Amino acid sequence: MANTIDLKPVSEFISEDAPARYVYDMSPEKHEIALSTHDLQVYYGDNLALSEGDLAFERYKITSLIGASGSGKSTFLRSLNRMNDGVATVKGNITYRGVDINTKAIDVYEMRRHIGMVFQRPNPFAKSIYNNITFALTQRGVTDKQELDEIVETSLRQAALWDEVKDELNKSALALSGGQAQRLVIARALALKPDILLLDEPSSALDPISSAQVEDTLLELKNQYTIIIVTHNMQQAARISDYTAFFHMGKVIEYDLTRKIFTRPKVALTNDYISGNFG
Amino acid sequence: MDNITQKLMQKSESTKKDAMGRAISLSALALIVIVVISIFAFVMSRGLATFFHDGVSVKDFLFGTTWNPSVVDPHTKQPYIGALPMIVGSFLVTFLAAIVATPFAIGTSLFMTEIAQKRGTKIMQPVIELLVGIPSVVYGFIGLTVVVPFIRSVFGGSGFGILSGTIVLFVMILPTITSMTVDTLKSVPRHYRESALAIGATRWQMIYKVILRAATPGILTAIVFGMARAFGEALAVQMVIGNAALMPQNLISPSSTLTSVLTMGIGNTVMGSLQNDVLWTLAMILLLMSLVFNLIVRAIGRRGELK
Amino acid sequence: MNAKTADKLATGIIYTISGIVALILVAMLSFILVRGVPHLSWHFLTSPAKAFEAGGGIGIQLFNSFYLLLLTMLISFPIALAAAIYLNEYARKGRFTTIVRTAIEILSSLPSVVVGLFGFLLFVVKFHFGFSILSGAIALTFFNLPLLTRSIETSLAQIPNLQREAGSALGLSRWETVIHVILPAAVPSIVTGVVLSAGRVFGEAAALIYTAGQSAPALNFGDWNPFNISSPLNPMRPAETLAVHIWKINSEGIMPDVSAVSAGASAVLIIVVLLFNVSARKLGAMLHKKLTSA
């Protein structure tokens, strides 16, 4: 495991005049920013589910979004590649490579090929393992068999699944175990060579061993992808991520280096959450 | 604009395909709506011609008891276009069939959901499905070869009439009412049953006082659906009703329904003539009645929600 | 009467009622089969009907029924599929959707004789299609559309949203996801729905007597050019189906063996319809197994 951190913040770290909110200064001079949001607000009907979403994500790093159920972390994540279109109203800017992608002029389908997503429950298509990976590519016009073969192998290797399935690529993906299926889904997303990978509690439906496999996979992928992951599991956040954002009641309360969040949180609420006082 | 901006702003293949697919599927839906509207428009325009073009009075049509459109009454100089015998015939067979079918449908549904869930469903589910599957001409044929002679031998007369029609329709609407009632009973929450049994009610008390009461709106809906089917059924009824456009004297005198007169008559009249127009008026009544059944179902649904 | 006696009595009555219902079905089926099956022969199934003498068959009617069924399905399936896709995948809650759903509900509850008369008015008379297979197929399409649309919509709705999200997350549009992911997964239950509706269409007669007509002109089974009038494939020829034939000969048949012919024809009709019903579920279950297993 990458960075093992003792998960016991002590309340004396929190001083009397602790801030109500702290957001790490991701200055563009010092960091290469892959994606950033400005003044993001999400409404379900008239209900404001998320506000003050101002975050910047560094390239080739893993950022965890933590918080209790209903804190807005998943809503935030799903807004980043506009999976909330048609479900919720998202206001504000989402800047990806200098372009605000939260506007009508953006082709969402093209955008999602740059910003991929993996969900909580493994959702392989009712197709063969091979076709699960190549399907979206063939829709984009990639038909060269050799090229497809290579992509299948590369992405399965990246997702650490290749060795387990290389002899049964034509088997139905529905026959895979939960952990395998989730890694296949990650491989499927990688096959499109996205820039950014969004993961919504990708291992919460898995057993501990599969979950560890997925974590290892993510750590491997960090070299080539910017990863933003929602997780319920604070140990997981602490183990794999470089940055962590703590959400509470639809607001980002604290965003900092993971190391700092889990050892010296600056906001009392964060301290309460990670010491297990609620959530 | 740099490359990536351009790429993100351009309409992708996916967007184009989606717009096309959306348009195709929407037009299919529009087609169905257009069909429904044209059915109403065409049948209504023909049906109303009786009153507007041929000058028949609505009162004479709805309440007149003599139906013989090709013959003119020597006193009034009006053709005999009293449709009451058919209207009465249709409503009679519909209500009678529903009255007979309802206890059978409820009994069978209770058997499947409350009394013998596993075995009951295993046996009765296929029975209901097979009954639904039997084509109406086969019901008519059985009615003609079994029911009509039976009625004749028991009650005398020709055997054709409202009673035979009722018996045939009873079997035809039974599966409709039953399967919808089963769905309703299954949707009664489990804790209703448990709390009734917990306070010492017998099974029948639980069924009668709790389940059937909770399921009443659903059962009523099922009955109305069954009645709509009975009201609109044409051939099976036509084969056993006797096809005499007379006011039913009793349950075993030859009579007719809206549908039976329609199926017999449309081919034998000339388009645009009064004899033809009045038949379209009968079709219009059928159309409007199916609308009425629809509205009743909706009204029941709304009242059920309020509770 | 105390509660326990009432309970026993009610249980007894419910058992009796269910028994009677089952008995009615068994009696009807055995009546048809016992009366009809002895009459079935290769000759009966293949030779043309006779109007005035005994010994006629149902060959042409049988062929007409299947041909009409095929045409009806060819027309109604794509429309129902597209409509169901819109309803399940694109439609949002709103006034338009409510109107459309109401229209479909109304269409499904219209008496089939009225649907047939509309087909007669519009296609037979106005468009001069005459009594023809085409007019019949269109009338049956109207009769079939609402139920088929609803059954396909239900099949699509059973596919979990996870699959749609998976497609979206890969940058596929709704349409691409539906066509390549949702539809293939829904095939087993769509097939069940289609075959079940085929059974209904096969047995329908009221919508046909004034559209496909009540006559079955002789066919030349050696001529498969659909433009020739005696060709079995000609969609503009009148075509009495098996179900219409049963109604027709029972209402006004004058051949001496009318009851035998109608019993035989009813038996064939019921066997075919039951085969559709049974195979619908079997086929669906089989496809489902094939789809999910390795």
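Everything numeric in this text was worked out from a predicted model, so none of it was measured.

### Describing the overall build of chain A
Here's step 1: Counting its secondary structure elements, chain A contains 10 helices and 12 strands.
Here's step 2: For chain A, whose C-alpha radius of gyration is 19 Å, the value lies close to the compact-globule estimate of 19 Å for 279 residues.
Here's step 3: Structurally, chain A occupies a C-alpha span of about 65 × 45 × 35 Å along its principal axes.
Here's step 4: Out of the 279 residues belonging to chain A, those deemed buried represent 49%.
Here's step 5: Excluding contacts between residues fewer than 6 apart, the proportion of contacts in chain A whose partners are at least 24 apart in sequence is 72%.

### Examining the overall build of chain C
Here's step 1: Counting its secondary structure elements, chain C contains 10 helices and 0 strands.
Here's step 2: Ordered by position from the N terminus, the helices and strands of chain C form the series α-α-α-α-α-α-α-α-α-α.
Here's step 3: With respect to the principal axes defined by its C-alpha atoms, chain C has extents near 70 × 70 × 45 Å.
Here's step 4: The buried share of chain C, taken over its 294 residues, is 50%.

### Things to note about the UniProt feature "domain: ABC transporter" (unreviewed entry) in chain A
Here's step 1: On the UniProt side, "domain: ABC transporter" (unreviewed entry) is annotated at positions that read residues 35–274 of chain A here.
Here's step 2: Taken end to end, residues 35–274 of chain A has its terminal C-alpha atoms 26 Å apart, with 38% of it in helix and 26% in strand.

### Digging into the UniProt feature "transmembrane region" (unreviewed entry) in chain C
Residues and elements named next belong to chain C.
Here's step 1: Residues given the UniProt feature "transmembrane region" (unreviewed entry) here are residues 12–34, 66–87, 99–123, 129–148, 178–198 and 260–280.
Here's step 2: As a span, residues 129–148 carries 80% helix and 0% strand, and end to end its C-alpha atoms are 25 Å apart.
Here's step 3: Secondary structure content for residues 260–280 is 100% helix and 0% strand, while the C-alpha to C-alpha distance between its ends is 30 Å.

### Notes on helix α5 (residues 112–126) of chain C
In an α-helix, one turn spans 3.6 residues; hence positions three or four apart end up facing the same way.
All names here are of chain C.
Here's step 1: The end-to-end C-alpha distance of α5 is 20 Å, a good match for the 21 Å that 15 residues give at a rise of 1.5 Å each.
Here's step 2: The largest bend in α5 amounts to roughly 30° and is located at F120.
Here's step 3: Of all 15 residues making up α5, 13 are buried, and the element is well covered by its neighbours.
Here's step 4: Remark: H128 follows α5 within two positions and exhibits a positive phi of approximately 60°.

### Re the packing of helix α6 (residues 136–155) of chain B against helix α9 (residues 242–252) of chain C
A pair of packed helices is characterised by two quantities: the angle between their axes and the separation of those axes.
Here's step 1: Two elements in contact, α6(B) and α9(C), have axes separated by 9 Å at closest approach and are oriented at 25°. The angle between α6(B) and α9(C) places the two elements in the roughly parallel class. Considering only the axes of α6(B) and α9(C), their crossing is left-handed. When α6(B) is examined against α9(C), the residues B:V137, B:G140, B:F141 and B:L144 are found in contact with a partner set consisting of C:A243, C:I246, C:W247 and C:N250.
Here's step 2: Here the contact of α6(B) with α9(C) is built from residues that sort into 6 nonpolar, 2 polar and no charged.

### Considering the confidence of the model for chain A
Here's step 1: On average, residues of chain A score 87 in pLDDT, and 93% of them reach the 70 mark or higher.
Here's step 2: Within chain A, the element-level pLDDT minimum falls on strand β3 (residues 47–53) of chain A, averaging 81, and the maximum on strand β10 (residues 226–230) of chain A, averaging 95.

### Brief notes about the interface of chain C and chain B
Here's step 1: At the junction of the two partners, chain C supplies 68 residues and chain B supplies 70 residues.
Here's step 2: Elements that contribute at least two residues to the side of chain C that touches chain B include exactly α1 (3–36), α3 (59–90), α4 (95–109), α5, α6 (133–157), α8 (174–203), α9 and α10 (258–292) of chain C.
Here's step 3: Broken down by element, the side of chain C that touches chain B gets its largest block of residues, 18 residues, from α1(C).
Here's step 4: Tallied by class, residues from the side of chain C that touches chain B come to 50 nonpolar, 13 polar and 5 charged.

### Brief notes about the interface of chain C and chain A
Here's step 1: Tallying the contact residues gives 19 residues for chain C and 22 residues for chain A.
Here's step 2: Going through the elements one at a time, α7 (161–169), α8 and α10 of chain C are the ones with two or more residues in the side of chain C that touches chain A.
Here's step 3: The element contributing the most residues to the side of chain C that touches chain A is α7(C), with 6 residues.

### Focus: unusual backbone geometry
Here's step 1: Here the phi dihedral of A:K193 falls at roughly 50°; this positive angle occurs in a residue that is not glycine.
Here's step 2: Here A:K193 lies in the loop between α6 (178–190) and β9 (196–200).
Here's step 3: Judged by the 15 C-beta atoms lying within 10 Å of it, A:K193 is partly exposed.
Here's step 4: Not every positive phi belongs to a glycine, and C:H128 is a case in point at roughly 60°.
Here's step 5: Tracing the chain through its elements places C:H128 in the loop between α5 and α6.

### Things to note about the sheet that holds strand β12 (residues 251–257) of chain A
All names here are of chain A.
Here's step 1: Here we have 7 strands laid out as an open sheet, ordered β1-β12-β11-β5-β10-β9-β8, and mixed in their pairing. The outermost strands of the open sheet, each flanked by one partner alone, are β1 (22–23) and β8 (115–118).
Here's step 2: Here 5 bridges tie strand β5 (residues 62–67) to strand β11 (residues 243–248), and the two strands are oriented parallel to one another. Within β11, the residue paired with S64 across the bridge is T244.
Here's step 3: Against the sheet, α6 makes contact with β8 and β9, and its axis sits at roughly 170° relative to β8, the strand it touches most.

### Details of the pairing of strand β2 (residues 33–44) of chain A
Residue and element names in this part refer to chain A.
Here's step 1: Alignment of β2 against strand β4 (residues 56–58), held across 3 bridges, turns out to be antiparallel. In the strand pairing of β4, I33 is matched with E58.
Here's step 2: Pairing between β2 and strand β6 (residues 89–96): 7 bridges, direction antiparallel. Bridge pairing links S36 to T95 in β6.
Here's step 3: Alignment of β2 against β3, held across 4 bridges, turns out to be antiparallel. Its bridge partner lying in β3, Y43 is registered against L48.
Here's step 4: Once β2 ends, the chain turns through 2 residues before running back antiparallel as β3, passing G45 with a positive phi of about 65°.

### Some words on the nonpolar core
Here's step 1: In terms of nonpolar packing, the biggest core is built from 261 residues, with B:L282 and B:A283 touching the most fellow members.
Here's step 2: In this structure B:L282 touches B:A83, B:M86, B:L258, B:V261 and B:L262, once residues within four positions along its chain are discounted.

### Let's talk about the packing of α8(C) against α10(C)
Residue and element names in this part refer to chain C.
Here's step 1: Remark: α8 packs on α10, axes separated minimally by 8 Å, with the N-to-C direction vectors making an angle of 175°. With respect to α10, the element α8 is oriented roughly antiparallel.
Here's step 2: For the contact of α8 with α10, the per-class residue count stands at 15 nonpolar, 8 polar and 1 charged.

What counts and what doesn't
- Residues numbered from 1 in each chain as written.
- Chains lettered and ligands numbered in written order.
- Predicted model: local features only at pLDDT ≥ 70, side-chain atom pairs only at ≥ 80, totals over all residues.
- Helix = DSSP H or I, 4+ residues; strand = E, 2+ residues; numbered from the N terminus.
- Rg over C-alpha atoms; globule rule 2.2 N^0.38 Å.
- Buried ≥ 20, exposed ≤ 12 C-beta atoms within 10 Å, placed from the backbone.
- Contact = placed C-beta atoms within 7 Å.
- UniProt positions renumbered as here; feature names shortened; annotations may be inferred.
- Expected span 1.5 Å × (residues − 1).
- Bend = angle between axes of the 7 residues up to and from the residue.
- Axes fitted to C-alpha atoms, helices over the stretch in contact; angles between N-to-C directions.
- Parallel < 35°, antiparallel > 145°, perpendicular 65-115°, else oblique.
- Left-handed = near helix turned anticlockwise from the far one by under 90°.
- Nonpolar A, V, L, I, M, F, W, Y, C, P; charged D, E, K, R; others polar.
- pLDDT = per-residue confidence, 0-100.
- Pairing = 2+ DSSP bridges.
- Core = buried A, V, L, I, M, F, W, Y, C linked by C-beta atoms within 7 Å.

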